[in-house]
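Overview (structure and organization)
Each chain, letter by letter, is given below.
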Amino acid sequence: MRLRVSIGVGLAAVVALAGCGSDPVPKSGTGKADTAAQTKQTRAAKLAAAAKVKANELGQVPVLMFHRVIRNPTTTDDRTPEQFRADLERLARDGYVPVTAAEFVTGKMDIPAGTHPVVLTFDDSSPSQVTLDEVGVPKADTAVAILREVAARHPGFRPVATFYVTRDMFGKTTPEEQAQTLLWLKQNGFDIGNHTRDHVNLRGKSKQEVEEQIGSIAQQIGALAYVKPVTLALPYGNQPSHKEWAARGKLGNVSYDHSGVFLAGYTPAASPFSRSFDPLGIPRIRAMDKKGDCAQFCSTAWLDWLKNNPDMRYTSDGDVTTVAFPKFKDPFLRTTYKTRALPY
């Protein structure tokens, strides 16, 4: 009898010891429920954050078109260094953050919540845009020097822009000098785009002529800086007979495939997430003051309009993985971005 009791007690002790310190078996489905709850909580927080800053990532984006920055302008497209500084200072005050054309067309505009993207573009690869001194530093009063200067005064104002290159190549004639300039731009976060080899009007040109103009400068940029341009700016804003020729083509063994083609129009551009976004015809705004036609259609006038109509302007939610906007704008969202939608 004592033996049976001893065995029983011993077995109970073994069972007790075996269970000591071991984790309880989770109930089926608990992990999934916790994950779902966490996901719901995270989304609610993102919605609240987007609503707080009145995010509208279906709003319009100003794409500003610059040419030369020179002391004594000879055309209406030129800006003096003082005018260019004032342009940038105004953008910084109004809460704009520069993004590149490549970032814009691919929807990768990673800027702080509550701010607005602006795309700074420079046509014709003028020496006034970037010229390096003997030690490889941008010379004073060139566009890149002024941009970096203003950015240093305004933390968060990114010193980035897109330079649309022709064979003029910033006034450099030797491959070594051309490569130095392009590589400096690349290494300092600037974007290099295609502007055709000879800056010719592509309207009415054959497909072969279009491919020659676009493909040859693409080859040169690739050989000098190991860059394949993501976007193209059409000379004079004129499209070829078939818009697709400007976006995709081939010259020899080198092909080009642009995610965006820019015009020289008069309006802000549609958000890349919007149904109205046309990657083959993206408008830009001439950088000018309110004079003549520019009283309505150039940068100063449009920036005033966007400031006075904030519901029409692109405002970031600060999260590059989502596309946030007021619920009533849902019909304007491109279907390809449905999975990233954050309507509040």
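Scroll up for the structure.
This text gives an overview of the structure that appears in the document. (Residues numbered from 1 in each chain as written. Predicted model: local features only at pLDDT ≥ 70, side-chain atom pairs only at ≥ 80, totals over all residues. Heavy atoms only, no water.)

1. Describing the overall build of the protein chain
Within the protein chain, the secondary structure is distributed over 10 helices and 12 strands. For the protein chain, whose C-alpha radius of gyration is 28 Å, the value lies well above the compact-globule estimate of 20 Å for 344 residues. Judged by the C-alpha coordinates and their principal axes, the protein chain covers about 115 × 50 × 45 Å. Scored against the burial criterion, the 344 residues of the protein chain give a buried share of 48%. Considering only residue pairs separated by 6 or more positions, the protein chain has 68% of its internal contacts joining residues 24 or more positions apart. (Helix = DSSP H or I, 4+ residues; strand = E, 2+ residues; numbered from the N terminus. Rg over C-alpha atoms; globule rule 2.2 N^0.38 Å. Buried < 20%, exposed > 50% of the residue type's maximum accessible area, 1.4 Å probe, protein only. Contact = heavy atoms within 4.5 Å.)

2. Thoughts on the environment of Pro62
Position of Pro62 among the secondary structure elements: in the loop between α2 (30–52) and β1 (63–66). Of the residues examined, Pro62 reaches a relative accessible area of 1% and is grouped as buried. Linking Pro62 and Pro138, residues 76 residues apart in sequence, is a C-alpha distance of 26 Å.

3. Here we look at the state of the cysteines
Scanning the model with the defined rule gives one disulfide in all. In this model, Cys294 is linked to Cys298 through a disulfide, with the two sulfur atoms separated by 2.0 Å. A residue is classified by how much of its surface remains accessible, and Cys298, at 1% relative accessible area, is buried. (Disulfide = S-S within 2.5 Å.)

4. Some points on the side chain of Glu57
Summarising the element assignment, Glu57 is placed in the loop between α2 and β1. For the buried Glu57, no salt bridge exists, and the shortest N-O distance to an oppositely charged side chain is 6.6 Å, to Arg340. Glu57 has contacts with Ser271, Phe273, Tyr314, Thr315, Ser316, Asp317, Thr322, Val323, Ala324 and Phe325, leaving out every residue within four places of it along the chain. (Lys, Arg positive; Asp, Glu negative; His and termini not counted. Salt bridge = Lys/Arg side-chain N within 4 Å of Asp/Glu carboxyl O.)

5. Points about empty space enclosed by the protein
Enumeration over the complete set of coordinates arrives at one cavity of 30 Å³ or more. The volume enclosed by the largest cavity comes to roughly 40 Å³. Lining the largest cavity we find Glu57, Gly107, Met109, Phe273, Tyr314, Asp319, Val320, Thr322 and Arg340. Classifying every residue of the lining of the largest cavity gives four nonpolar, two polar and three charged. (1 Å grid on protein atoms, 1.4 Å probe; cavity = no way out; pocket = protein on both sides within 12 Å on 5 of 7 lines; lining within 4 Å. Points joined across faces, edges and corners; volume = space filled by probe spheres on them. Nonpolar A, V, L, I, M, F, W, Y, C, P; charged D, E, K, R; others polar.)

6. Focus: the nonpolar core
Counting residues in each nonpolar core, the largest one holds 41 residues, and the members touching the most others are Leu88, Leu91, Leu120 and Leu185. Listing elements by their share of this core, those giving two or more residues are β1, α3 (81–93), β3 (116–123), α5 (143–153), β4 (162–165), α6 (175–187), α7 (207–225) and α10 (299–308). In terms of residues, this core owes the most to one element, α5, which gives six residues. If you look at the next biggest cluster of nonpolar residues, it comprises 25 residues, including Val61, Val99, Ile282 and Ala341. (Core = buried A, V, L, I, M, F, W, Y, C linked by side-chain atoms within 4.5 Å.)

7. Some remarks on α10
Along α10, the residues that are buried comprise Ser299, Thr300, Ala301, Trp302, Leu303 and Leu306. Each element contacted by the buried residues of α10 is listed here: β1, α3, β2 (96–99), β10 (285–286) and α9 (294–297).

8. Considering α7
With 19 residues, α7 ought to run about 27 Å at 1.5 Å a step, and its terminal C-alpha atoms sit 27 Å apart, in line with that. Within the sequence span of α7, burial applies to Val210, Glu211, Gln213, Ile214, Gly215, Ser216, Ile217, Ala218, Ile221, Leu224 and Ala225. In the segment just after α7, Tyr226 is the residue with positive phi, at about 55 degrees. (Expected span 1.5 Å × (residues − 1).)

9. As for the packing of aromatic side chains
In this structure the tally under the stated criterion is 13 aromatic pairs. On the basis of an interplanar angle of 80 degrees and a centroid distance of 5.1 Å, the ring pair of Phe66 and Phe84 is categorised as edge-to-face. Separated by 18 residues along the polypeptide, Phe66 in strand β1 and Phe84 in helix α3 bring together distant segments of the chain. With respect to class, Phe66 is no different from Phe84; both count as buried. Where Phe66 meets Phe122, the ring centres are 5.2 Å apart and the plane angle is 20 degrees; that geometry is what we call stacked. Placement of Phe66 in strand β1 and of Phe122 in strand β3 is noted, with a sequence separation of 56 residues between them. One aromatic cluster is present, formed by Phe66, Phe84, Phe122, Phe163, Phe170, Trp184 and Phe190 through successive ring pairs. (Phe/Tyr/Trp six-rings, centres within 6.5 Å; stacked < 30°, edge-to-face > 60°.)

So yeah, pure geometry; function would need other evidence.
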